[in-house]
Amino acid sequence: MSDRNTLIKELIEMQKKFIEEEHKNGFDAKNYFTPEAGHALDGYRETFMSKAMELVDAAHADKGSHR
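Residues numbered from 1 in each chain as written. Predicted model: local features only at pLDDT ≥ 70, side-chain atom pairs only at ≥ 80, totals over all residues. Heavy atoms only, no water.

**Student:** Even after reading the chapter, I still don't get the overall build of the chain, so can you show me in this structure?
**Tutor:** Within the chain one finds three helices and zero strands. The N-to-C order of helical and strand elements in the chain reads α-α-α. For 67 residues, the compact-globule estimate of 2.2 N^0.38 gives 11 Å, and the chain exceeds it by more than 25% at 14 Å. Judged by the C-alpha coordinates and their principal axes, the chain covers about 40 × 20 × 15 Å. Taken across its 67 residues, the chain has 18% of its residues classed as buried. Across the chain, the fraction of contacts at a sequence separation of at least 24, relative to all contacts at a separation of at least 6, is 48%. A total of about 5,200 Å² of accessible surface is found on the chain, and carbon and sulfur atoms cover 54% of it. Charged side chains of the chain number 10 positive and 13 negative; the gap between the two group centres comes to 4 Å. (Helix = DSSP H or I, 4+ residues; strand = E, 2+ residues; numbered from the N terminus. Rg over C-alpha atoms; globule rule 2.2 N^0.38 Å. Buried < 20%, exposed > 50% of the residue type's maximum accessible area, 1.4 Å probe, protein only. Contact = heavy atoms within 4.5 Å. Areas by Shrake-Rupley, 256 points an atom, 1.4 Å probe, with all protein chains shown as cover. Lys, Arg positive; Asp, Glu negative; His and termini not counted. Charge placed at Lys NZ, Arg CZ, Asp CG, Glu CD.)

Next comes the structure, spelled out in structure tokens:
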């Protein structure tokens, strides 16, 4: 369970940083979908999705279901 709690905390922290970036610089779809190397959102989507799916897989494993 602590691994899940860690994942949840990481996802929330990522969301907070995303919102902070959005408030500071506005939302630009280009920076979200194809950010330049070193940009605050560089790797964000991939990392967030990976962590979220890890959490989903763990929940399915607990219930004996699958996605």
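**Student:** Teacher, can you tell me more about the side chain of Glu21 here?
**Tutor:** Relative to the elements of secondary structure, Glu21 occurs in helix H1 (residues 2-25). Filtering out sequence-adjacent residues up to four positions away, Glu21 remains in contact with Gly26, His39, Ala40 and Leu41.

**Student:** I would appreciate a short explanation of the packing of aromatic side chains in the present structure.
**Tutor:** Each aromatic ring pair is described using two quantities: the centre-to-centre distance and the angle formed by the ring planes. Throughout the structure, instances matching the rule amount to seven aromatic pairs. For the pair Tyr32 and Tyr44, a centre-to-centre distance of 6.4 Å together with 55 degrees between the ring planes defines the contact as tilted. Of the two residues, Tyr32 sits in helix H2 (residues 29-33) while Tyr44 sits in helix H3 (residues 44-63), which places them 12 residues apart along the sequence. Judged by relative accessible area, which is 12%, Tyr44 ranks as buried. Members of the aromatic cluster, joined through ring pairs, are Phe18, Phe27, Tyr32, Phe33, Tyr44 and Phe48. (Phe/Tyr/Trp six-rings, centres within 6.5 Å; stacked < 30°, edge-to-face > 60°.)

Everything listed here is a matter of geometry and, on its own, says nothing about what the molecule does.
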